[in-house]
Amino acid sequence: MGVLTATIKFKVSPEEPLLNLIEKYIQALRLSLNWIINHKETRLSKAHRALYRELREKYSFPARIAVDCYREAISIAKSWFKNPNRGRKPIIKAKRMWLTYRQSYTINLEKMVVKITSLGEIKLIGYPSNIEEYSDWSIREARLIVRNNGVFLHVSVKKNTNEPTPSLNAIAVDINEREIVYGFPSKIARDKTRVEDCIKIKKHINHLQEKYSFSKYKAWLRPKLLKRIKALYKRIRNITEDYAKKQAKKIIDYAIKNDKDTIILEDLNKLNNNSKRLKKPWRERLTYMTYRKLQFWIEWQAKKKGIAIIKINPKGTSTTCPYCGQKMKQIAHRKYMCSHCGFKEDRDVIAVFNLICKMEVALTHPTAPPMKHVNPNKGGELVRNNRRMRVNRGFHLPW
Ligand SMILES: [Zn+2]
């Protein structure tokens with residue numbers, strides 16, 4: 001059994017009593033956080049004893065909102081205590097508020113209202129277009145957030161899913177810094193990644209960092225530079241995240257369109273054993289980050305759509321001949337050829353073939369050019385890793 005979680009974002013009518021409540025909550029949260037940090041006390045029972053009555057009386061909170069408030073303060077304090085590089089005390093700037101489902105809020109999607117303890121019903125004035133998709137999900141905690149463009153309610157939802165069984169009716173996904181390559185041997189698709197865009201930004205960051213570390217650089221400009229550097233790093237994260245989400249959806253749709261029920265991914269744990277110890281170049285690190293994020297979203301989408309995911313050790317998948325298991329030779333940039341059987345392809349396509357091959361799928365020679373000394377239609381004779389492949393073990397071969 002797998003668990004799928006998501007956040008649904010609503011826009012809430014910005015009514016005065018609601019804004020007042022959030023304002024009070026922030027003050028109460030600051031007070032609670034101060035007490036917790038000063039007393040180095042993150043146990044619920046202690047926080048309750050010290051803060052509950054005060055929050056109730058000073059801010060006239062209903063019981064549950066007082067509890068949500070010191071619980072949120074504890075969680076902020078805990079993550080601050082845990083952070084080994086923690087600087088000064090955390091400051092609460094953002095206007096947001098925790099809500100516990102059924103205790104401090106309920107939501108009614110028929111009437112499009114949220115009911116908050118002590119406030120009554122408040123209209124939801126904006127919601128995602130795919131809201132029906134979540135009709136059978138269970139509702140959990142929520143966060144009220146005040147931004148310049150309105151008040152928002154982020155509702156966490158959860159759904160239990162059945163883990164589908166992987167089958168050979170699969171597509172494989174491989175990545176290089178420029179492209180994401182996915183599909184099955186008779187149909188391969190390629191899309192651009194955004195690694196190159198991120199590298200451009202990283203180059204700009206390097207340039208700014210050089211400026212920053214230059215000791216004669218005007219002191220008054222330093223905070224500005226630092227802010228700019230931070231914003232650029234955030235931009236890299238946003239670009240990658242946004243790309244990964246969209247691309248994952250595209251790949252899942254591709255699988256469904258082609259009647260595939262399984263997606264094969266590279267097992268990154270096997271791939272990057274020493275990546276933490278070795279300082280890899282940025283290009284590689286950004287590619288790795290992109291693939292990791294993409295995998296996360298592919299797995300998420302797959303769970304949602306009932307598609308199985310299988311992870312395979314990618315060792316040697318881009319340079320081993322998928323037909324005869326021989327090491328292939330590089331003949332051009334990213335192009336490899338097998339001197340044994342003459343099969344030649346782009347290394348990403350080879351990887352896709354091999355990932356599927358590793359799932360024990362027997363291949364025919366769909367795209368290889370005809371060779372003088374090889375009859376590509378001699379089925380049943382394909383040998384991989386020096387052993388006979390079991391062709392047609394009762395599987396329906398999809399190509
Ligand atoms: Zn070969």
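Residues numbered from 1 in each chain as written. Predicted model: local features only at pLDDT ≥ 70, side-chain atom pairs only at ≥ 80, totals over all residues.

Draft legend 1. Main features of the nonpolar core. Ala172, Val173, Ile263, Ile298, Val352 and Ile356 are the most contacted members of the largest nonpolar core, which has 38 residues in total. When contributions to this core are tallied by element, the ones reaching two or more residues are strand E8 (170-175), strand E9 (179-184), helix H5 (222-257), strand E11 (262-266), helix H7 (282-305) and helix H8 (347-357). Residue contributions to this core peak at eight residues, all from H8. Shared between two domains, this core takes at least three residues from each, and those domains are domain 2 (170-312) and domain 3 (329-388). Filtering out sequence-adjacent residues up to four positions away, Ala172 remains in contact with Tyr182, Ile264, Val352, Leu355 and Ile356. With 34 residues, the next largest nonpolar core counts Tyr25, Ala77, Val114 and Val155 among its residues. (Core = buried A, V, L, I, M, F, W, Y, C linked by C-beta atoms within 7 Å. Buried ≥ 20, exposed ≤ 12 C-beta atoms within 10 Å, placed from the backbone. Helix = DSSP H or I, 4+ residues; strand = E, 2+ residues; numbered from the N terminus. Domains from an automatic or database assignment. Contact = placed C-beta atoms within 7 Å.)

Draft legend 2. Quick peek at helix H2 (residues 44-59). For H2, the principal kink sits at Leu51 and spans about 40°. Where H2 is buried, its residues meet helix H1 (16-39) and helix H3 (63-82). Two residues or fewer past H2, Ser60 is found with a positive phi of approximately 45°. (Bend = angle between axes of the 7 residues up to and from the residue.)

Draft legend 3. Focus on the packing of H1 against H3. As a packed pair, H1 and H3 sit with axes 8 Å apart at the nearest point and diverge in direction by 50°. As the angle between them shows, H1 and H3 are arranged oblique. Like other packed secondary-structure pairs, H1 and H3 cross with a definite hand, here right-handed. Of H3, the residues touching H1 (which contributes Tyr25, Ala28, Leu29, Ser32, Leu33, Ile36 and Ile37) are Ile65, Cys69, Tyr70, Glu72, Ala73, Ile74, Ile76 and Ala77. Its residues placed into classes, the contact of H1 with H3 shows 13 nonpolar, one polar and one charged. (Axes fitted to C-alpha atoms, helices over the stretch in contact; angles between N-to-C directions. Parallel < 35°, antiparallel > 145°, perpendicular 65-115°, else oblique. Left-handed = near helix turned anticlockwise from the far one by under 90°. Nonpolar A, V, L, I, M, F, W, Y, C, P; charged D, E, K, R; others polar.)

Draft legend 4. Structural detail: the packing of H2 against H3. H3 packs onto H2 with a crossing angle of 130° between their chain directions and a minimal axis gap of 9 Å. Between H2 and H3, the interaxial angle falls into the category oblique. Handedness of the crossing formed by H2 with H3: right-handed. Only Ala63, Ala66, Cys69, Tyr70 and Ile74 of H3 make contact with H2, whose side of the interface consists of Leu44, Ala47, His48, Leu51, Tyr52, Leu55 and Arg56. In the contact of H2 with H3, the residues fall into ten nonpolar, one polar and one charged.

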